[in-house]
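# Coordinate analysis (summary)
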Amino acid sequence: MTRFLRMLFLALALAGCPALSGPVFAQDAEDEEQYKPVLPDVSIYKAMLDANKVTGWIQFRNYDDKQLIYFTALQTMHCRLSEIRYSVNSDALDKRFPLGKCNPQIPFNLPEDNTNEYIYISLPAGEAKTLTIQAVWDDGAGSEIVVYKPCEGVGDSTCAQIKAIKKPKKQLQEPVPADSPIRAVQSETPGKTFTEPTPSTAARP
């Protein structure tokens, strides 16, 4: 059978079979260039954000005499976000939660992180009475501002309740490349030329 296949292959090659010709391989290579990973439309991410609002863009948890606040839901949207703005026990939105590097092939995956820097912040037990948060999209548009508070009587389970919802006071300016944690994955698409976060923009409290 092996000899038969070799002879068949040779016969096809001598006959100039298109499947074995050079130009077809070149065309295949060109076709592969056209199918680069494309990020899902921002409308999908906005729908996800809205769907997660009631259950919590963040989650509070009491664990090992600490208060952990998880940003997992927002981190899954990191490929379309330029910032996560938040503040603890105030409405200042003066802190930034670090966003992972975007891989357009797995846009909804959480970034690999052995330190949990991209997953949660840790505070002394009971410190956060509220957490105010706003997502900023990669085009500079800001979401509504939501104030969450810890759920009562849930032990060490993760939970959050909405305390208030506020509209942004003014339209956010479009972020400059240095403000965004996402590398360029679609250079021909506006709003997708980015750099990785600097320590000042990815600092944790």
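Details of the structure are given in the entry above.
Notes on the structure in this doc start here. (Residues numbered from 1 in each chain as written. Predicted model: local features only at pLDDT ≥ 70, side-chain atom pairs only at ≥ 80, totals over all residues. Heavy atoms only, no water.)

### Side note on the state of the cysteines
Taken as a whole, this structure holds two disulfides when the rule is applied. The disulfide that involves cysteine 79 links it to cysteine 102, with 2.1 Å between the sulfurs. Negative torsions about the S-S bond denote left-handed disulfides, and the value of about 105 degrees found for cysteine 79 with cysteine 102 makes this one right-handed. Taken together, the residues span a long stretch of sequence, with cysteine 79 in the loop between helix H4 (72–75) and strand S3 (81–88) and cysteine 102 in the loop between strand S4 (95–96) and strand S5 (120–124) at a distance of 23 residues. Its relative accessible area of 0% is what places cysteine 79 among the buried residues. (Disulfide = S-S within 2.5 Å. Helix = DSSP H or I, 4+ residues; strand = E, 2+ residues; numbered from the N terminus. Buried < 20%, exposed > 50% of the residue type's maximum accessible area, 1.4 Å probe, protein only.)

### Side note on the nonpolar core
The biggest cluster of nonpolar side chains holds 29 residues, and the ones touching the most others in it are Ile58, Ile69, Phe71, Leu131 and Ile133. Sorting the residues of this core by element identifies helix H3 (42–51), S3, S5, strand S6 (131–137) and strand S7 (145–149) as the ones contributing at least two each. Not counting chain neighbours up to four residues away, the residues in contact with isoleucine 133 comprise Trp57, Ile58, Phe71, Leu74, Ile84, Arg85, Tyr86, Leu93, Glu144, Ile145, Val146 and Tyr148. (Core = buried A, V, L, I, M, F, W, Y, C linked by side-chain atoms within 4.5 Å. Contact = heavy atoms within 4.5 Å.)

### So, the sheet that holds strand S2 (residues 66–70)
Spatially, S1-S2-S5 is the arrangement adopted by the three strands of the open sheet, whose pairing is antiparallel. The open sheet terminates on both sides in strands that have one partner only, identified here as strand S1 (59–63) and S5. On average, each strand axis in the sheet is inclined to that of its neighbour by 25 degrees, with strand direction left out of account. Where S2 and S5 come together, five bridges link them in antiparallel fashion. Across the sheet, the residue bridging to tyrosine 70 is tyrosine 120, located in S5. (Pairing = 2+ DSSP bridges. Axes fitted to C-alpha atoms, helices over the stretch in contact; angles between N-to-C directions.)

### A look at unusual backbone geometry
Positioned with a positive phi, leucine 93 is a non-glycine residue whose angle comes to about 50 degrees. For leucine 93, the location among the structural elements is in the loop between S3 and S4. By relative accessible area, which is 11% here, leucine 93 ends up buried. In this structure, asparagine 116 is a non-glycine residue whose phi angle is positive, near 65 degrees.

### A short note on the sheet that holds S6
The antiparallel open sheet is built from five strands, whose spatial order is S4-S3-S6-S7-S8. With partners counted over all chains shown, the strands left at the sheet margins are S4 and strand S8 (161–166), one partner each. Note that S7 and S8 share five bridges and pair antiparallel. Bridge pairing links tyrosine 148 to isoleucine 162 in S8.

### What to know about the packing of aromatic side chains
The final tally for this structure, using the stated rule, is five aromatic pairs. Plain terms: the ring middles of phenylalanine 71 and tyrosine 86 are 5.2 Å apart, the flat faces sit at 65 degrees to each other, and that makes the pair edge-to-face. Taken together, the residues phenylalanine 71 in the loop between S2 and H4 and tyrosine 86 in strand S3 connect sequence positions 15 residues apart. In terms of burial, phenylalanine 71 and tyrosine 86 fall into one category: buried. (Phe/Tyr/Trp six-rings, centres within 6.5 Å; stacked < 30°, edge-to-face > 60°.)

### Notes on the pattern of salt bridges
The tally for this structure, following the rule as stated, stands at seven salt bridges. The partner of arginine 80 in a salt bridge is aspartate 138, with the nearest N and O atoms 3.0 Å apart. Remark: aspartate 138 occurs in the loop between S6 and S7 and arginine 80 occurs in the loop between H4 and S3; sequence separation between them is 58 residues. Judged on exposure class, the residue arginine 80 and its partner aspartate 138 are both buried. For arginine 96, the salt bridge goes to glutamate 83, with nearest N and O atoms at 3.3 Å. With arginine 96 in strand S4 and glutamate 83 in strand S3, this pair connects stretches of sequence that are 13 residues apart. Taking the relative accessible area as the measure of exposure, arginine 96 reaches 23% and is therefore partly exposed. One salt-bridge network, held together by shared partners, links Asp50, Lys53, Glu144 and Lys167. (Salt bridge = Lys/Arg side-chain N within 4 Å of Asp/Glu carboxyl O.)

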